[in-house]
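# Summary of structural features
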Amino acid sequence: MGERRSPRIHAGSRMKEMMSTYYLGAKNAADNNQKVAWITSGGPVELLIAMDVIPVYPENHGAMCGVTRMGPELCEIAENMGYSRDLCSYARCDIGSAVTGKSPIMGLPKPDFLLCCNNICGTVTKWYEVLARLFDVPLVFIDAPFIHDEMTEGSVEYVKSQLRRGIKQMESILGKKFDMDRFSEVAMLSGEASSMWGETLALCKNIPAPMSAFDGFILMAPIVTLRGTREVLDFYETLQKELKERVREGVAAVPGEKYRLLWDNLPIWFKMRDLSEKFIDLSACMVASTYLNAWARYDLSGSDPVDAIARAYASAFVNESILHRAKLMRDIVEGYSVDGVIFHSNRSCRPYSLGQYDIKEMLTEWTGVPGLIVEADMNDERVYSEGPVMTRIEAFIETLKPRREARV
Amino acid sequence: MSTIAAQPYTYVKNWKERTGGRVFGYFCSYFPEELLHAAGVLPMRILGDKENVALADSHIQAFICSLVRTSLDAALKKKLEFLDGVVFPHSCDSIQNLADIWRYNFPEQFSDVVVLPVWVDVPEAEQYLAQEISRFKSKFERHLGRQIAGAELSKSLDIYNENRSALAALYALRRDKPNAISGQTVLDIVKASMYMRKEDHTALLQEALEELRSVPRDDDQSVRLVLYGNVCDDPGIMHLFEELEAVVVDDDLCTGSRYFLHIEPSDGDPIRRLAQRYLRKIPCPSKHSSDFDRRTYLVNMVRQSKADGVVILLLKFCDPHAFDYPDISKRLTEDQIPHLLIETEIQPASIEQTRTRLQAFVEMLKEKKNG
């Protein structure tokens, strides 16, 4: 097939420029007397932006290694150091790249310090401990207790006191005062960018959807890495404009869109193109993903930025119970007119994957929408078997036909 | 106590019948079980199940550790129906999500999670944990329909401290007389303490300690091993040590010394004491600590127990341990301490491969020691 193509999103080229400038800036940080901190994807980056520290994301870099299919090579380097093949493939890629300087961009610039928030998993805690030993640099750690039921005020106070501790620690590392006013501004910009991203994703509630999650997985780079800056806000404004235009003109991300799907968990980075083309062939559009939505949830509108950041980051998507996640997915299924849910059971990401079987059951019970679980990994191609995954996806889409016909 | 360790559920069910008391299951060495004890409830550690997984497959992926998989499987197979409640601490990602899955599948059962901090050595963690323990206590009290008095909790803390001291004494005696008591028996004694009321266990343990004290110190030349890792509940591996005439002289296992080491001062507000106990105990790798360095801790353990080598027993798919392992291995190598990594599963697997590797390791240590 392949004659049907998804129309190009023009904002994409602007993003490429933006990200290249950013990486170049990070690479040249030392020459420009700037400090670099490595940070987790769910970490409160506003602290760094407010201190003029360049944030660098091993996870984003990991995704880059995955897309360019360097995963297995980098993983093996870490495995030869004794890191188990069962560990997160981002962590293995990152460690492999850190010790050899290998990667699509010749490795990341060395960190002056690390900022780790465990609101996305316990893996980052251990991974950043490894990095702190490897580079012999300070680790700023923010412990965000998991929320099984309700977020307690005790937990919020605990996170706040750690943010204050982290600020003091950074002041002593950088030898300069933390500017609370600047921080307020950054938090506000970050919150605005997060809602802007949320609104952009919500345009996919339109039928047909103007963008697919596969586009989103690429276009999410700025919200992950640079939220809190003015340019990110501007970028998503432009993207939103373009997509609104598409909605007006009825341009579909997947030409002849028939099926609307929700993707759970991280992308399979090394199979992005193949999967995207597969779904286009099947006239199925991935209209939403829980992964993309994770960055649309930062409400930072409160007047006290420390309090706002504590509450927003402690209630990150994967820092709440599977019941809570199922409820958010139900909202997406209903709001985006989803016909089926595809769960990427990601060997690398235990906290995101463990519970998917029960979530699938809950969603079907609540909404009648069926789900499919596919076994894969975000970066490690060696554990992926293409044939069965594609066959199962085709068969699943086939089962959606009667539902889809009933909806029309 | 070995009988109890081999058939813990039988013991617990008999206890329940005998006393009419309630039993709660708990996970990991981080649940503040003193609270359960203070209310007269028997806390019982859930350590997975030896049978192969059947029912949990439709809830839990194969890439999750067998402790989590087989524990849920046992519950789904109705092997744990005698429990009156199940409680979880926050330890690792997998236990965290297991708690949610468990609560969804057994909605009728009393259940809760004490969300411990991950960063254990900052002052704000103690304040937070004390609040979290109080929250759990209130919920637990509502469920029981009765309050737990401060004096009751203090008393339980003292009883736990006494038991921990006795277990520490057992370990000290073993370092001196490793031939007098097998590695298996020591782990059985620790395991039995997870299924008995602590006062009953202490009474039995004191008798065993008396006996041990009367055994003369031996100057045996057996190869001396330290065990390090997570859960070790496989008699097969422990018997291999005996078969190879190697003695276990100390351990850093969560079913061994990490369960009981560290005793808090015996006065002050009991909730605070409880919080301090769990924050200051020898941390599991799932916890973050600025000061504790397990590499140094292990090296010191090896030196103090005059061990010849370390056997590292790691449950497959245990991320916190797997992340620590390479640097621990590196440090042991730098300090010229021979060590061997053995990957384990809760369900007993074929021991042949392990035997061959362990045999070669022990032979090497023997030669090194005598040559």
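The structure we're discussing is the one just above.
Just so it is clear, the model here is predicted, and its values are computed rather than measured.

For chain B, the helix and strand inventory stands at 15 helices and 8 strands. What you see for chain B is a C-alpha radius of gyration of 20 Å, in line with the 21 Å of a compact globule of 371 residues. Seen through its principal axes, chain B has C-alpha atoms that stretch 65 × 45 × 45 Å. The buried share among the 371 residues of chain B stands at 63%. Taken as a whole, chain B presents about 13900 Å² of accessible surface, with 49% of it coming from carbon and sulfur. Considering chain B, the positive charge centre built from 46 side chains and the negative charge centre built from 55 side chains are found 2 Å apart.

Our focus in this paragraph is the interface of chain B and chain A. Taken together, the 47 residues of chain B in the interface contact 50 residues of chain A. Together, the buried faces of chain B and chain A total about 4200 Å²; carbon and sulfur atoms form 58% of this surface. It is Phe63(B), Tyr104(B) and Phe323(B) in chain B that bury the most area against chain A; as a group they hold 19% of the surface buried on that side. Linking chain B to chain A there are 6 salt bridges. We note a salt bridge from Asp319(B) to Arg350(A), for which the minimum N-O separation is 2.5 Å. Connecting chain B to chain A are 21 residue pairs in polar contact (both at pLDDT 80 or more). Looking at the side of chain B that touches chain A, the elements that each hand over two or more residues are helix H5 (93–105), strand S4 (110–114), helix H6 (123–144) and helix H14 (319–334) of chain B. Looking at which element gives the most residues to the side of chain B that touches chain A, the answer is H5(B), with 11 residues. Looking at side-chain class alone, the side of chain B that touches chain A contains 23 nonpolar, 10 polar and 14 charged residues.

All names here are of chain A. Read from one edge of the open sheet, 4 strands run S2-S1-S3-S4, paired in parallel fashion. Edge strands, defined here as strands with exactly one partner in the open sheet, are strand S2 (54–56) and strand S4 (139–142). The mean inter-strand angle of the sheet, taken between neighbouring strand axes irrespective of direction, is 25 degrees. Note: strand S1 (residues 36–39) against S2, 3 bridges, orientation parallel. Within S2, the residue paired with Ala 37 across the bridge is Pro 55.

The next thing to look at is the packing of helix H17 (residues 356–367) of chain A against H5(B). Running from amino to carboxyl end, H17(A) crosses H5(B) at an angle of 40 degrees, the nearest separation of the two axes being 11 Å. By the criterion of interaxial angle, the relationship of H17(A) to H5(B) is oblique. Contacts from Asp358(A), Glu361(A), Met362(A) and Glu365(A) of H17(A) reach H5(B) at Ile101(B), Tyr104(B) and Asn105(B). Class assignment for the residues of the contact of H17(A) with H5(B) results in 3 nonpolar, 1 polar and 3 charged.

Quick look at the side chain of Asp358(A) now. Inspection of the secondary structure puts Asp358(A) in helix H17. Not counting residues within four places of it along the chain, the set of residues in contact with Asp358(A) comprises Ile322(A), His59(B), Ile101(B), Tyr104(B) and Asn105(B).

Moving on, we come to the packing of helix H6 (residues 123–135) of chain A against H14(B). Interhelical geometry of H6(A) versus H14(B) gives an angle of 10 degrees and a closest axis separation of 9 Å. Put simply, H6(A) runs roughly parallel to H14(B). Residues Thr123(A), Lys126(A), Trp127(A), Glu129(A), Val130(A) and Arg133(A) of H6(A) form the contact with H14(B), whose participating residues are Asp319(B), Pro320(B), Phe323(B), Asp324(B) and Asp327(B).

Moving on: the packing of aromatic side chains. All chains considered together, the criterion is met by 28 aromatic pairs over all chains. Their ring planes at 75 degrees and their centres at 5.4 Å tell us that Phe270(A) and Tyr384(A) sit as a pair that is edge-to-face. In this pair, Phe270(A) sits in the loop between strand S5 (259–264) and helix H12 (272–281) while Tyr384(A) sits in the loop between strand S8 (371–376) and helix H18 (386–407), placing the two residues 114 residues apart along the sequence. Centre to centre, the rings of Phe110(B) and Phe140(B) are 6.2 Å apart; their planes meet at 50 degrees, and the pair counts as tilted. Residue Phe110(B) is located in strand S4, and its partner Phe140(B) is located in helix H6; the two are separated by 30 residues in the primary sequence. For the pair Phe110(B) and Phe140(B), one class covers both residues: buried. The residue whose ring lies beneath Lys281(B) is Tyr30(B), and the NZ or CZ to ring-centre distance is 4.1 Å.

All right, on to the pairing of strand S2 (residues 42–45) of chain B then. All names here are of chain B. Going residue by residue along S2, you find Leu 42 and Met 44 tucked away on one face and Pro 43 and Arg 45 tucked away on the opposite face as well. Note: strand S1 (residues 23–26) against S2, 4 bridges, orientation parallel. Bridge pairing links Val 23 to Leu 42 in S2.

Residues and elements named next belong to chain B. Spanning 16 residues, H14 covers 24 Å between terminal C-alpha atoms, matching the ideal 22 Å at 1.5 Å per step. Counting buried positions along H14 yields 12 of 16 residues, so the element is predominantly enclosed. After H14 finishes, the residue Gln 336 shows a positive phi value of roughly 55 degrees.

Cut-offs and rules
Residues numbered from 1 in each chain as written. Chains lettered and ligands numbered in written order. Predicted model: local features only at pLDDT ≥ 70, side-chain atom pairs only at ≥ 80, totals over all residues. Heavy atoms only, no water. Helix = DSSP H or I, 4+ residues; strand = E, 2+ residues; numbered from the N terminus. Rg over C-alpha atoms; globule rule 2.2 N^0.38 Å. Buried < 20%, exposed > 50% of the residue type's maximum accessible area, 1.4 Å probe, protein only. Areas by Shrake-Rupley, 256 points an atom, 1.4 Å probe, with all protein chains shown as cover. Lys, Arg positive; Asp, Glu negative; His and termini not counted. Charge placed at Lys NZ, Arg CZ, Asp CG, Glu CD. Contact = heavy atoms within 4.5 Å. Buried area = accessible area lost by both parts, 1.4 Å probe. Salt bridge = Lys/Arg side-chain N within 4 Å of Asp/Glu carboxyl O. Polar contact = N/O pair within 3.5 Å; in protein donor to acceptor, adjacent residues only side chain to side chain. Nonpolar A, V, L, I, M, F, W, Y, C, P; charged D, E, K, R; others polar. Pairing = 2+ DSSP bridges. Axes fitted to C-alpha atoms, helices over the stretch in contact; angles between N-to-C directions. Parallel < 35°, antiparallel > 145°, perpendicular 65-115°, else oblique. Phe/Tyr/Trp six-rings, centres within 6.5 Å; stacked < 30°, edge-to-face > 60°. Lys NZ or Arg CZ within 6 Å of the ring centre and 35° of its normal. Expected span 1.5 Å × (residues − 1).

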